[in-house]
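Chains, contacts and geometry: an overview
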Amino acid sequence: QVQLVESGGGLVQPGGSLRLSCAASGAISSIYVMGWYRQAPGKQRELVGTFTSGGTITYADSVSGRFTISGDNVQKSVYLQVNNLKPEDTAVYFCNFRRWSASGWNNYWGQGTQVTVPG
């Protein structure tokens with residue numbers, strides 16, 4: 001099993017910034033992908049971006065340059081920096097962890113952290 005602990009959400013005024021953190025622990029293999037997703041009220045969960053154990057960072061096409069993902073392979077952590085926050089960024093942000101094993105990819109989710117940007 002893999003445990004994920006997220007932190008950093010909250011109420012942020014428009015134009016502000018925040019940094020979300022997610023730390024993984026447990027049965028972590030050497031090959032994994034950590035990512036951030038978000039789910040706005042009434043909408044489907046959508047990918048923000050990913051960080052791999054090889055150090056590659058990718059972003060969803062829909063994500064603007066206001067989002068920056070970084071990661072730490074030693075700490076098994078992934079971070080999401082969001083600048084110039086807008087009301088449409090209001091969502092629950094979820095950390096995702098996928099690890100490679102002999103049985104294939106195993107998928108884990110964090111509990112989610114609420115980000116609210118008042119309109």
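This section reports on the structure supplied with the text. Quick caveat, the model's predicted, so the values are computed rather than measured.

Take the side chain of serine 77 next. Looking at the secondary structure, you find serine 77 in strand β8 (residues 77–82). Residue classification places serine 77 among the buried residues on the basis of a relative accessible area of 6%. Within the local environment of serine 77, its side chain forms a polar contact with the backbone oxygen of glutamine 75, the two atoms lying 3.2 Å apart.

Let us look at the nonpolar core. Membership of the largest hydrophobic core comes to 28 residues, with the highest contact counts inside it found for Leu4, Met34, Trp36, Val78, Leu80, Tyr93 and Phe97. Counting residues per element, the ones that place at least two in this core are β1 (2–7), β3 (18–26), β4 (32–39), β5 (46–52), β7 (67–72), β8 and β9 (91–101). For leucine 80, the residues in contact, after removing those within four places along its chain, are Leu18, Arg19, Leu20, Trp36, Val48, Phe67, Thr68, Ile69 and Tyr93.

By the definition in use, this model includes 3 salt bridges. When salt bridges with common partners are traced through the structure, they connect Arg38, Glu46, Arg66 and Asp89 into a single cluster.

Reading guide: rules and limits
- Starting from 1, residues in each chain are numbered consecutively following that chain's sequence as written.
- Under the rules for a predicted model, residues below a pLDDT of 70 receive no local features and side-chain atom pairs below 80 are neither given nor counted, while totals for whole chains, interfaces and linings still include all residues.
- Neither water nor hydrogens contribute to the side-chain values; these are computed over all heavy atoms in the structure.
- Helix and strand labels come from DSSP, where a helix needs a run of H or I of at least four residues and a strand needs a run of E of at least two; each type is numbered from the N terminus.
- A simple rule labels every residue: compare its accessible area, found with a 1.4 Å probe on the protein chains alone, to the largest value its type can have, and call it buried under 20%, exposed over 50%, or partly exposed in between.
- N or O atoms within 3.5 Å of each other form a polar contact, as long as, within protein, one can give a hydrogen and the other can take it, and as long as residues adjacent in sequence are counted only when both atoms are side-chain atoms.
- We define a nonpolar core as any set of buried Ala, Val, Leu, Ile, Met, Phe, Trp, Tyr and Cys residues linked to one another through side-chain atoms lying within 4.5 Å.
- When checking whether two residues touch, look at their non-hydrogen atoms; a contact exists if any pair is within 4.5 Å.
- Within this document, salt bridges are pairs made up of a side-chain nitrogen of Lys or Arg and a carboxyl oxygen of Asp or Glu, the two lying within 4 Å of each other.

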